[in-house]
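Residue-level listing of the chains:
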Amino acid sequence: MGQSLFHKVWDAHAVRTLPSGQTQLFIGLHLIHEVTSPQAFDMLRERGLTIAYPERTFATVDHIVPTSDVARPFADEMAEDMMVAIEENAQQFGLSFFGLDDERQGIVHVIGPELGLTQPGMTIACGDSHTSTHGAYGAIAFGIGTSQVRDVLATQCLAMDPLKVRRIEVSGTLGDGVYAKDVILNVIRNLGVKGGTGYAYEYAGSAIEAMDMEARMSVCNMSIEGGARAGYVNPDQTTYDYLQGRTYAPSGEAFDRAVSWWRSMASDADADYDDVYHLDGSALEPTVTWGITPGQALFVSEKVPALTDLPDDERDVAAEAYDYMDLKPGRAISGMPIDVAFVGSCTNSRISDLREAARVVEGHKVADGVKALVVPGSKSVLKTAESEGLHHIFEDAGFEWRGAGCSMCLAMNPDKLQGREVCASSSNRNFKGRQGSPTGRTLLMSPAMVAAAAIAGEVIDVRAM
Amino acid sequence: MNSSVIQHVEGRAIPVRGNDIDTDRIIPARYLRAITFDGLGEHAFEDDRKSNPDHPFDNPRYQGASILIANDNFGCGSSREHAPQALMRWGICAIVGESFAEIFLGNCTAMGVPCLTASTADIVKIQDAIEADPQREMAVDLKEKKMTFGDIEVNLQIAEGNRLQLIEGAWDATGMLLEGRGAVREVADKLPYVTGF
């Protein structure tokens, strides 16, 4: 019986069995940002510890960065304190830091792959749950908390229990207007928001293999929304082609040697899995969430479910969602009016996302009364988009064109919903209050669907545009 | 015995009902704009409390409670350690629920806050009993994996690795991981991306 990539990577990074029975696991790449790291550095200072492998940690700023005015000091004094903290910590501990004045700055999960830091066969950790994104490259990538950030800084290791592996085979071909975002929303809808607890998800099948790297990132990104701490795609020629020529990727003959090692880390054809789940990609439609968990999702042609349509254990949360979203069972999700349209976040802010949204927007105008914004995931994405003239398409239509950052995904910067606003959003979480207003409402969907909603002023099937 | 050892937690309990309570609800993101965890306790569940004046965290009957009883998939979403930090700073020393999101559970363990699970029926029974008698003391025993509340006794589950970390006082992993320094170097030196392809 062969091995899955997960087990190969785990075995290659396992240092020893700890007295607790857990594994001491070496972390190949550690990414940090301004929100979850300052307390970890303080803990190091309190204990007189140094950083074990400073060359394996890279820092950037994304969560609190304003996307319109980045003049220092920031208007938000607390955000300014956080900026100063990461700047000083990076300098004091000798870490590579991509700050606001650096062309490499951006959302941590966008820049890792962009710079070629993220590579197949690695273990990766970051104090952010969407670290699963990096699994698109065949890495095993975990979101961790601040105490564990301290552990990785001090030892380059984590104490962990191994995960089970569920292979998720997405067969067929995605139809026009159906994207990676629709695939992952349906995986979560079908397997549940805690279905992946204890698992790493291995995404495979023809629909995944046909995806470019950016689409694979959108799928892996939301693994955590399905409860899976890690998600990955086996590396293939698409992966190697993406990495070739990237700043931190090996080059020349070393690149060829890297490819053979990367290939050897992919799951064997006869690998053993703890579970296998099958999804027909050809049958998917553009998908929209209607409730307060990412699993409360519908095809755009469907209606909000009645309690009697749902399993017993989903009814309480559904009832809570009707109330919070002010939606009645039986109502079509198509036609639901929106106030805000947001294209951005670590799920969908890469150049391919912006191109698809621009294709929908071109020649149209944002509906009256809708505030629409596009926030590139990194300075590099922004620069590429501008070189292609995408910013003009968005601005001509009435979208705001912003600087790189997490923006309205999580409301730690000036971009927030107000009051009961409804936001068509390409981000990853529709939790109560997630986008900054305690009563604000989020409808998750693909960037193309967000663009269509911005123009129509309501949820609409992008295929009808 | 080292002071980090956690074998029993005793105290009054507080039920927080609901499945899929995410970390944005436990601590809204605006309170993550800080460079320390200080003061987070008072903001635990802030938006839920504002929209529900009967929220248990505001109910005088539960003030001073130290054991939180949750339902399914508690702590899902963001990896923010600020969420368990807020609960701990409010006064919570242990959490028993139907199930926990994994990163949240890992964060709690790394802070020395045990998370244990029980069946849905047992959790509901305990939540009802606490609501009927919130002054009664509860006891959570990590060695025996049991919880007692009056004449109710419930079996608990916890991953053995986490249980050992807690009962042996080794939940702060840094020291233990540092001891493996030499072995770490050996593993790193076998990884081609570390040594150079």
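Residues numbered from 1 in each chain as written. Chains lettered and ligands numbered in written order. Predicted model: local features only at pLDDT ≥ 70, side-chain atom pairs only at ≥ 80, totals over all residues. Heavy atoms only, no water.

### As for the overall build of chain A
Note the cut-off: Each helix corresponds to a stretch of at least 4 residues labelled H or I by DSSP, and each strand to a stretch of at least 2 residues labelled E; elements are numbered beginning at the N terminus. Based on C-alpha atoms, the radius of gyration is set beside the globule rule, defined as 2.2 Å times the residue count to the power 0.38. Only protein chains enter the accessibility calculation, which uses a 1.4 Å probe; a residue is then buried when its area is under 20% of its type maximum, exposed when over 50%, and partly exposed in between.
Scanning chain A for helices and strands turns up 15 helices and 19 strands. In terms of overall size, chain A behaves like a compact globule, its C-alpha atoms giving a radius of gyration of 21 Å where 465 residues would be expected to give roughly 23 Å. Dimensions along the principal axes, computed over C-alpha positions, put chain A at roughly 55 × 55 × 45 Å. Buried positions account for 66% of the 465 residues belonging to chain A.

### Some thoughts on the interface of chain B and chain A
Where we set the bar: Residue contacts are defined here by distance: any two heavy atoms, one from each residue, within 4.5 Å place the two residues in contact. In short, buried area is how much 1.4 Å probe accessible area vanishes from two parts on joining, totalled over both. A pair is scored as a salt bridge if a Lys or Arg side-chain nitrogen falls within 4 Å of a carboxyl oxygen belonging to Asp or Glu.
If you look at the interface, chain B gives 53 residues, while chain A gives 75 residues. It is Arg-33, Tyr-193 and Phe-197 of chain B in chain B that bury the most area against chain A; as a group they hold 17% of the surface buried on that side. Counting every contact that joins chain B to chain A gives six salt bridges. Measuring nitrogen to oxygen at the nearest pair gives 3.1 Å for the salt bridge that ties Asp-172 of chain B to Arg-150 of chain A. Listing elements by their share of the side of chain B that touches chain A, those giving two or more residues are α1 (23–26), α4 (102–111), α6 (160–167), α7 (174–179), α8 (181–188) and α9 (192–195) of chain B.

### Considering the domain arrangement of chain A
All names here are of chain A. We apply this condition: The domain limits used here are those given by an automatic or database domain assignment.
Structurally, chain A comprises domain 1 (5–160), domain 2 (164–283) and domain 3 (287–464). For domain 2 and domain 3, the distance between their C-alpha centroids amounts to 24 Å. Contacts between the two partners involve 19 residues from domain 2 and, on the opposite side, 28 residues from domain 3. Between domain 2 and domain 3, a total of about 1900 Å² is buried, with carbon and sulfur atoms accounting for 51% of that surface. In terms of surface lost to domain 3, no three residues of domain 2 exceed Tyr-179, Lys-181 and Arg-189, which account for 31% of the buried area on that side. Linking domain 2 to domain 3 there are two salt bridges.

### A short note on the sheet that holds strand β17 (residues 400–401) of chain A
The strands making up a sheet associate through backbone hydrogen bonding, with each pair oriented either parallel or antiparallel. Residues and elements named next belong to chain A. Convention followed: Strands are treated as partners if at least two bridges between them are detected by DSSP.
Read across the sheet, five strands follow the order β17-β16-β15-β18-β19 without closing on themselves; strand pairing throughout is parallel. Each edge of the open sheet carries a strand with a single partner, namely β17 and β19 (441–444). Across two bridges, strand β16 (residues 371–374) lies against β17 in parallel orientation. Looking across to β17, one finds that Val-374 is bridged to Trp-401.

### What about helix α10 (residues 253–265) of chain A?
Filter applied, for reference: An expected span of 1.5 Å times one less than the residue number is assigned to each helix.
The terminal C-alpha atoms of α10 of chain A, which comprises 13 residues, lie 19 Å apart, in line with the 18 Å expected from a rise of 1.5 Å per residue. The elements touched by buried residues of α10 of chain A are α1 (5–13) and α9 (237–243) of chain A together with α9 of chain B.

### With respect to the pairing of strand β6 (residues 146–149) of chain B
All names here are of chain B. Covered by surrounding structure in β6 are Met-147 and Phe-149 only, the residues Lys-146 and Thr-148 on the alternate face being uncovered. Alignment of strand β5 (residues 137–141) against β6, held across four bridges, turns out to be antiparallel. Looking at β6, one finds that Met-138 is bridged to Phe-149. The loop that links β5 with its antiparallel partner β6 comprises four residues; one of these, Lys-145, has a positive phi angle of about 55°. Linkage of β6 to strand β7 (residues 152–155), two consecutive antiparallel strands, is achieved through a turn of two residues, within which Gly-150 is found at a positive phi near 60°.

### Overview of the sheet that holds β7 of chain B
Residues and elements named next belong to chain B. Stated formally: Where helices are involved, their axes are fitted lines through C-alpha atoms of the stretch in contact, as for all axes, and angles between N-to-C directions lie from 0 to 180°.
Strand order in this open sheet of seven strands is β4-β3-β2-β1-β5-β6-β7, and the pairing throughout is mixed. Each edge of the open sheet is held by one strand with a lone partner, namely β4 (115–117) and β7. Averaged over neighbouring strand pairs, the angle between their axes works out to 30° when direction is ignored. Summarising the sheet, strand β1 (residues 8–15) and β5 pair through five bridges and their orientation is antiparallel.

### Regarding the side chain of Ser-218 of chain A
All names here are of chain A. Defined as follows: Polar contact is defined as a pair of N or O atoms within 3.5 Å, subject to the rule that within protein one atom must be able to donate a hydrogen and the other to accept it, and that residues adjacent in sequence are counted only when both atoms are side-chain atoms.
Position of Ser-218 relative to the elements: it lies in helix α8 (residues 213–221). Exposure remark for Ser-218: the relative accessible area of 1% places this residue in the buried category. For Ser-218, the side chain forms a polar contact with the side chain of Arg-350, separated by 3.4 Å. If we ignore the near neighbours within four places in the chain, the residues touching Ser-218 are Ala-180, Ile-184, Thr-347, Asn-348 and Arg-350.

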